[in-house]
Amino acid sequence: MLSLELDRAAAAKLGFPRDCRVRLDLPAEALSLVRASLLGILYTACFVVDTAEGRVTS
């Protein structure tokens, strides 16, 4: 499970709700790569990225 909490401006710009949860059927290693990639892409627009590996806030 990947959980993203976006700030209001980012959610409006992306057309997403502020709290997004995505269930990915991936091995732990692949999920780690997805998480790292999403952090790189969303870092300026995302307030919290939460996975089993931990929580990162911008």
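J.: Teacher, can you tell me more about the overall build of the protein chain here?
T.: Scanning the protein chain from N- to C-terminus turns up 2 helices and 4 strands. Starting at the N terminus and ending at the C terminus, the protein chain contains elements arranged as β-α-β-α-β-β. Within the protein chain, buried positions represent 26% of all 58 residues. Within the protein chain, residue pairs in contact and separated by at least 24 positions form 35% of the contacts whose partners lie at least 6 positions apart.

J.: When you look at the environment of glycine 54 in this model, what are you seeing that I'm missing?
T.: Following the sequence through the fold, glycine 54 ends up in strand S4 (residues 54-57). Judged by relative accessible area, which is 23%, glycine 54 ranks as partly exposed. When residues no more than four places from it in sequence are discounted, the contact partners of glycine 54 are Arg35 and Val49.

J.: Quick question: what am I supposed to make of the nonpolar core here?
T.: General note: in soluble globular proteins, nonpolar side chains tend to be found buried as a group. Listed in full, the 8 residues of the largest apolar core are Leu2, Leu4, Leu6, Ala10, Ala11, Cys20, Leu39 and Val49. Elements with a contribution of two residues or more to this core: strand S1 (2-6) and helix H1 (8-14). Counting residues per element, this core draws most heavily on S1, which supplies 3 residues. Setting aside anything within four residues of it in sequence, one finds alanine 11 in contact with Leu6, Phe16, Pro17 and Arg18.

J.: Help me understand the pairing of S1, please; the structure alone is not making it clear to me.
T.: A regular strand places its side chains so that they alternate between the two faces of the sheet. In terms of burial, S1 is a largely internal element, 4 of the 5 residues being buried. The pairing of S1 with strand S2 (residues 19-22) spans 4 bridges and is classified as antiparallel. Its bridge partner lying in S2, leucine 4 is registered against cysteine 20.

J.: Before we go on, may I ask you to explain the side chain of serine 3 in this structure?
T.: With respect to the helices and strands, serine 3 occurs in strand S1. For serine 3, a relative accessible area of 8% gives the class buried. Excluding its chain neighbours within four sequence positions, the residues that come into contact with serine 3 are Asp19, Cys20, Arg21, Val48, Val49 and Asp50.

About the cut-offs
- Residues numbered from 1 in each chain as written.
- Predicted model: local features only at pLDDT ≥ 70, side-chain atom pairs only at ≥ 80, totals over all residues.
- Heavy atoms only, no water.
- Helix = DSSP H or I, 4+ residues; strand = E, 2+ residues; numbered from the N terminus.
- Buried < 20%, exposed > 50% of the residue type's maximum accessible area, 1.4 Å probe, protein only.
- Contact = heavy atoms within 4.5 Å.
- Core = buried A, V, L, I, M, F, W, Y, C linked by side-chain atoms within 4.5 Å.
- Pairing = 2+ DSSP bridges.

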